[in-house]
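Residue strings, one per chain:
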Amino acid sequence: MLLWQQPVVICCSSTGTTRVRRRGRNGAAVRCAAVPWAGEAGRMKAILFDCDGTLVDSERLGNEVLVEHVAEYGVSMTVREAMALFRGGKMADCVAALEARAGRAFPPSFVAELRRRTAGAFRERLRPMDGALALVRALSIPFCVASSGPREKIELSLSVTGLLPFFSGRIFSSYEVGVWKPDPGLFLHAAGALGVRPSDCIVVEDSGPGIAAGLAAGMTVVALQGELSEERVPDGVRVVRSLSELHGIVQSADPLEIPRNEEI
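Everything quoted here is computed from the prediction, not taken from an experiment. (Residues numbered from 1 in each chain as written. Predicted model: local features only at pLDDT ≥ 70, side-chain atom pairs only at ≥ 80, totals over all residues. Heavy atoms only, no water.)

### Side note on the overall build of the protein
Okay, step 1: Helix and strand content of the protein: ten helices and nine strands.
Okay, step 2: Residue burial in the protein is summarised as follows: out of 264 residues, 48% are buried.
Okay, step 3: Within the protein, residue pairs in contact and separated by at least 24 positions form 64% of the contacts whose partners lie at least 6 positions apart.
Okay, step 4: About 12300 Å² of surface is accessible on the protein, with carbon and sulfur atoms providing 50% of the total. (Helix = DSSP H or I, 4+ residues; strand = E, 2+ residues; numbered from the N terminus. Buried < 20%, exposed > 50% of the residue type's maximum accessible area, 1.4 Å probe, protein only. Contact = heavy atoms within 4.5 Å. Areas by Shrake-Rupley, 256 points an atom, 1.4 Å probe, with all protein chains shown as cover.)

Shown next, in the form of structure tokens:
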């Protein structure tokens, strides 16, 4: 099981709503909330972007820094392996997995040093995803970024790629909301802040946790998957190879259909 595959249960009801139930570490249900299924309200009214690997081309770059950093602690892994294990995951979970490999706890400075090195690499080499700037310039509906990363990282990523001015006042971080993907809470919070129903939102994601979170939120999910991506996308989720393909989707009068899980 990958790190992001947390116990989020999606239950369909006969009324067309989804009940999203999260389970805590002890397996007990901690929340159950009803949200409408996407595809019932016509034209989409907002678009929620992930940041890493969606708006900015940071996944390989960030994992290159990670692999180099953990090698100093005796952990050997490839960038490809790191991306498969940690893409879209919570930093604390990633560190715990790496410590398990190392057979020891890392010093308290580990994450701060990793973030420092990552920020340096981003300032020098980070680029926007192909089509990102053109897309946000052309959008005529509200949009935002909802990322599992800390605000400082999100703002740095958007700033060095020229995207930050388009997201002023519309940046949502898991570190501020207190929930991480695949929990749908971050996306639900962002939709509420935009004043848009979850069923009227499109989520654009590249990672398994983000795709799962968007589906659990009852939103229409579009998976951005490059030619070399190895992410397993659920049946019924629309896959695009570049952000330029989103123009027609966003302007479509009919929302994309998303899969409905069997009632549990």
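Additional details are given in the paragraphs that follow.
### Considering the packing of aromatic side chains
Okay, step 1: For the structure shown, the criterion picks out seven aromatic pairs.
Okay, step 2: Residues Phe-49 and Phe-143 carry aromatic rings whose centres are separated by 6.3 Å and whose planes lie at 85° to one another, so their mutual orientation is edge-to-face. Residue Phe-49 is located in strand S4 (residues 46-49), and its partner Phe-143 is located in strand S5 (residues 143-147); the two are separated by 94 residues in the primary sequence.
Okay, step 3: Ring geometry for Tyr-73 against Phe-106: centres 5.0 Å apart, planes inclined by 45°, an arrangement best described as tilted. In this pair, Tyr-73 sits in the loop between helix H1 (59-71) and helix H2 (79-86) while Phe-106 sits in the loop between helix H3 (91-102) and helix H4 (110-125), placing the two residues 33 residues apart along the sequence.
Okay, step 4: Of the residues examined, Tyr-73 reaches a relative accessible area of 16% and is grouped as buried.
Okay, step 5: Residue class for Phe-106 comes out buried when judged on its relative accessible area of 8%.
Okay, step 6: Taken together, the ring pairs in this structure connect Phe-49, Phe-143 and Phe-167 into an aromatic cluster. (Phe/Tyr/Trp six-rings, centres within 6.5 Å; stacked < 30°, edge-to-face > 60°.)

### Side note on the sheet that holds strand S6 (residues 171-173)
Sheet strands pair by backbone hydrogen bonding; their relative direction is either parallel or antiparallel.
Okay, step 1: Pairing is parallel across the open sheet formed by six strands, whose spatial order is S6-S5-S4-S7-S8-S9. Strand pairing shows two members of the sheet lacking a second neighbour, S6 and strand S9 (238-240), which therefore form its edges. For this sheet, the mean inter-axis angle between neighbouring strands, taken without regard to orientation, is 25°.
Okay, step 2: Sheet topology places strand S8 (residues 220-224) next to S9; three bridges connect them, and they run parallel. Its bridge partner lying in S9, Ala-223 is registered against Val-239.
Okay, step 3: Across the face of the sheet, helix H6 (residues 151-160) comes into contact with S5 and S6 while running at roughly 140° to S6.
Okay, step 4: Those strands touched by helix H9 (residues 208-216) are strand S7 (201-205) and S8, and its axis lies near 165° from that of S8. (Pairing = 2+ DSSP bridges. Axes fitted to C-alpha atoms, helices over the stretch in contact; angles between N-to-C directions.)

### Re the confidence of the model for the protein
Okay, step 1: When pLDDT is averaged along the protein, the result is 82; 76% of the residues meet or exceed 70.
Okay, step 2: Within the model, pLDDT remains below 50 along residues 1-41, and this stretch shows 105 contacts once partners closer than five positions in the same chain are excluded.
Okay, step 3: Within the model, the stretch residues 253-264 combines pLDDT values under 50 with 37 contacts to residues more than four positions away or in other chains. (pLDDT = per-residue confidence, 0-100.)

### Details of the nonpolar core
Okay, step 1: Counting 50 residues, the largest nonpolar core has Phe-49, Leu-158 and Phe-167 as its most contacted members.
Okay, step 2: Dropping the residues within four chain positions of it, Phe-49 is found in contact with Thr-54, Leu-55, Leu-135, Val-136, Leu-139, Phe-143, Cys-144, Val-145, Ala-146, Phe-167, Val-204 and Leu-246.
Okay, step 3: Of all hydrophobic cores here, the second largest spans 22 residues; its members include Ala-46, Ala-190, Val-203 and Ala-213. (Core = buried A, V, L, I, M, F, W, Y, C linked by side-chain atoms within 4.5 Å.)

### Re H9
Okay, step 1: In terms of residue burial, H9 counts as a mostly covered element, since eight of its nine residues are buried.
Okay, step 2: The opening residue of H9 is Ser-207, an N-cap whose side-chain oxygen sits 3.2 Å from the backbone nitrogen of Gly-210.
Okay, step 3: Backbone geometry just downstream of H9 places Gly-218 in the positive-phi region, at approximately 80°. (Polar contact = N/O pair within 3.5 Å; in protein donor to acceptor, adjacent residues only side chain to side chain.)

### Looking at the pattern of salt bridges
Okay, step 1: A complete count under the given rule lists 13 salt bridges for this structure.
Okay, step 2: Here Lys-153 ties to Asp-52 by a salt bridge, and the two come within 3.1 Å at their closest N and O atoms. Here Lys-153 is found in helix H6, whereas its partner Asp-52 is found in the loop between S4 and H1, with 101 residues between them in sequence.
Okay, step 3: Asp-206 is paired through a salt bridge with Arg-87; the nearest N and O atoms lie 2.8 Å apart. Here the residue Asp-206 occupies a position in the loop between S7 and H9, and Arg-87 occupies one in the loop between H2 and H3, the gap between them amounting to 119 residues. Assigned by exposure class, Asp-206 and Arg-87 land together as buried.
Okay, step 4: Several salt bridges converge on common partners, so that one network encompasses Glu-72, Glu-113, Arg-116 and Arg-117. (Salt bridge = Lys/Arg side-chain N within 4 Å of Asp/Glu carboxyl O.)

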